[in-house]
Amino acid sequence: MAARRLPRPTAAPVYHYITTVGVGVVLTDMLEKLRNCIEVWSRLFDHKPFIQAELNSFVQEFEDNRKDREIVNLLDVLNTECEINNQLDAISNFQGTILHSLDEKINNCVKQTDELLKCDKVESEKSILEIRRKQRASSWETYKEGIEPKFIQFEDEFKKELEQIKKFYENPNQSDYDVIKFKPTEEVRKYLRTACSCTSEVDIPDKIADAAKNDFQDAIELDEFLWLRPRLPKNIFIHNLIEQCEMILPEVKIPPRNPELEKRIQKLKALEEARQYRAMTKNVDSVRVRHPEDSIAFQLKEMNRQLIGVLQVLISVGTGFVFGFIGLNWAIGPLDAGFRLLLGLFCAAIIGVAEIYFFVKKLNDPILEDSTKKSN
């Protein structure tokens, strides 16, 4: 079906209305409607007149109320000022008496505070001193407890040493100093004569009897000298008499030298003397003045010889280690790695000791032989 088309609008009704009513009436009607629309819009959306009226009323009310409030505030300020002036006058009247008494009270309070502080300080110092005294007392007790076993041990050792000394002097024949001799002085001879006079001749040693004589010039041994100790007076001690005597110590017996050592020493002395003589006479000898000992070539040759010897020692030690580590494994059979390492080190150590011995001998002996040949 085909769509139904609507009739196209035309301007015939509007034109008919204008022609029938009239243009003036239409304009008047339109203006009235426009005025009504503007009034509706202003009432709905334009609040300026309302706000302006409210503001004017608020300002007028505020101005009216402010005048009364400021007057009240000024009156309150004046009343407060009058009260302050009255109080200041009262304070100025009582200032002299009140401040003077207040000053005295403050000074008394300060003095009492100082006294309290001093008392507190003294009490604190006393408490600190008391605490330190207790600490020292406890440390002293601890020290005494720790030192007491040491003191007992020291006493025991002292008693043991004292017993040994007593035994030593009671048995003079056991002395290690019986070879020491003493020349008696005249005072010692006097005590010897007194002891001999109080003892029977059988108990007197022959050397003591001879020493009591004035013409005795020999010396007596320590064990014979100690015979006098129990026969001395109580206030005379044997060590005081020993200090007065001349001590004759035994001579040190020098053991003879080893003949081989003596021979080698004499040989070295001869070599040293020959070397010194050659050094002194080298510049006057036309033959030895050209000897190359002092030249750089000779020194380099000697250094090369020593380096070659060291290299030979290292190679020998290395081959010994290889023999012990690898050669024995091939010869015997598969072995443990640790055991092979031990065998290698053992072989290397043996070869190293032998090589060092021959190396040192090679370095020293040719020099001695050449020197002996030249000296001869």
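Residues numbered from 1 in each chain as written. Predicted model: local features only at pLDDT ≥ 70, side-chain atom pairs only at ≥ 80, totals over all residues. Heavy atoms only, no water.

Going by an unreviewed UniProt entry, the protein carries the name Biogenesis of lysosome-related organelles complex 1 subunit 5 and comes from Parthenolecanium corni. For the record of the protein, the UniProt heading Subcellular location (unreviewed entry) holds the text "Endoplasmic reticulum membrane". A UniProt comment under Sequence similarities (unreviewed entry) is attached to the protein, and it reads "Belongs to the BLOC1S5 family." (UniProt positions renumbered as here; feature names shortened; annotations may be inferred.)

J.: Give a detailed account of the confidence of the model for the protein, specifying residues and quantitative values.
T.: If pLDDT is low for a region, its predicted coordinates should not be looked at in detail. Confidence in the prediction of the protein, expressed as mean pLDDT, is 76, and 79% of residues score 70 or more. Scored below 50 in pLDDT, residues 1-12 shows zero contacts in the model against residues more than four places distant or in partner chains. (pLDDT = per-residue confidence, 0-100. Contact = heavy atoms within 4.5 Å.)

J.: Hey, could you go over a nonpolar patch on the surface for me, with residue numbers and the actual values?
T.: Judged by side-chain polarity, F151, I152, F154, F158 and L162 come together as a nonpolar surface patch covering roughly 500 Å² of accessible area. On the secondary structure map, F151 appears in helix α3 (residues 48-170). (Patch = residues over 30% accessible without salt bridge, like charges linked within 9 Å, V, L, I, M, F, W, Y side chains within 5 Å. Areas by Shrake-Rupley, 256 points an atom, 1.4 Å probe, with all protein chains shown as cover. Salt bridge = Lys/Arg side-chain N within 4 Å of Asp/Glu carboxyl O. Helix = DSSP H or I, 4+ residues; strand = E, 2+ residues; numbered from the N terminus.)

J.: An account of the UniProt feature "transmembrane region" (unreviewed entry) in the protein is requested, with residue identities and associated values reported.
T.: When the UniProt feature table is mapped onto this chain numbering, "transmembrane region" (unreviewed entry) sits at residues 307-332 and 338-360. Here residues 307-332 is 100% helix and 0% strand, with 36 Å between the C-alpha atoms at its ends. The span residues 338-360 is 100% helical and 0% strand by assignment, and the distance between its end C-alpha atoms comes to 33 Å.

J.: I'd like a rundown of the nonpolar core, residues and numbers included.
T.: A general trend in soluble globular proteins is that nonpolar side chains are found buried together. Counting residues in hydrophobic clusters, the biggest one holds 21 residues, and the most contacted among them are L192, I208, F225, L228 and L241. For this core, the element with the highest residue contribution is helix α4 (residues 186-197), accounting for five residues. (Core = buried A, V, L, I, M, F, W, Y, C linked by side-chain atoms within 4.5 Å. Buried < 20%, exposed > 50% of the residue type's maximum accessible area, 1.4 Å probe, protein only.)

J.: Explain the sheet that holds strand β3 (residues 246-248) residue by residue, including any values.
T.: Pairing in this open sheet of three strands is antiparallel, and the strands run β2-β1-β3 from one edge to the other. Both outer strands of the open sheet, β2 (220-221) and β3, are each paired with one neighbouring strand and no more. Across two bridges, strand β1 (residues 181-183) lies against β2 in antiparallel orientation. Counterpart to F182 in the pairing with β2 is I220. (Pairing = 2+ DSSP bridges.)

J.: Please set out the environment of E224 residue by residue, giving values where relevant.
T.: With respect to the helices and strands, E224 occurs in helix α6 (residues 222-225). E224 sits 42 residues away from F182 along the chain, and the two C-alpha atoms are 9.9 Å apart. If sequence neighbours within four positions are ignored, E224 has contacts with K207 and I208.

J.: An account of the side chain of N329 is needed here, citing residue identities and associated values.
T.: Tracing the sequence through the fold places N329 in helix α9 (residues 296-332). The class of N329 is buried, set by a relative accessible area of 16%. If we skip the residues at most four places from it in the chain, N329 touches P334, L335 and R340.

J.: Which residues make up the packing of aromatic side chains, and what are the values?
T.: One pass over the full model with this rule turns up three aromatic pairs. Where F321 meets F325, the ring centres are 5.7 Å apart and the plane angle is 10 degrees; that geometry is what we call stacked. In this pair, F321 and F325 both sit in helix α9, four residues apart, roughly one turn of the helix. Note on F321: relative accessible area 27%, which makes it partly exposed. We classify F325 as partly exposed; its relative accessible area is 25%. (Phe/Tyr/Trp six-rings, centres within 6.5 Å; stacked < 30°, edge-to-face > 60°.)

J.: Could you give an account of the environment of V310, naming the residues involved and the relevant values?
T.: Counting through the fold element by element, V310 comes out in helix α9. In this structure, the C-alpha to C-alpha distance between V310 and I356, residues 46 residues apart in sequence, is 8.8 Å.

J.: Could you give an account of the side chain of S316, with specific residues and numbers?
T.: Relative to the helices and strands, S316 resides in helix α9. Judged by its relative accessible area of 18%, S316 is buried. Side-chain polar atoms of S316 contact the backbone oxygen of Q312, separated by 2.9 Å. Once you skip the residues sitting within four places of it in the chain, S316 turns out to touch I351 and E355. (Polar contact = N/O pair within 3.5 Å; in protein donor to acceptor, adjacent residues only side chain to side chain.)

J.: Lay out helix α8 (residues 259-281) with the relevant residues and their values.
T.: An ideal rise of 1.5 Å per residue puts 33 Å on 23 residues; α8 measures up with 33 Å between its terminal C-alpha atoms. Buried within α8 we find L271, A274 and T281. (Expected span 1.5 Å × (residues − 1).)

J.: I'd love a proper account of the pattern of salt bridges, names of residues and values included.
T.: One pass over the structure, following the stated rule, counts five salt bridges. A salt bridge links E130 to R133; its shortest N-O distance comes to 3.5 Å. On the criterion of helical spacing, the pair formed by E130 and R133 is a turn pair, its members being three residues apart in helix α3. Of the residues examined, E130 reaches a relative accessible area of 39% and is grouped as partly exposed. Across the pair R257 and E262 runs a salt bridge whose closest N-O atoms are separated by 3.1 Å.

J.: Kindly report on α4, identifying the contributing residues and their values.
T.: Here α4 is twelve residues long and its end C-alpha atoms lie 16 Å apart, about the 16 Å a rise of 1.5 Å per residue gives. Summarising the contacts, the buried residues of α4 are in contact with α5 (206-211), α6 and α7 (238-244).

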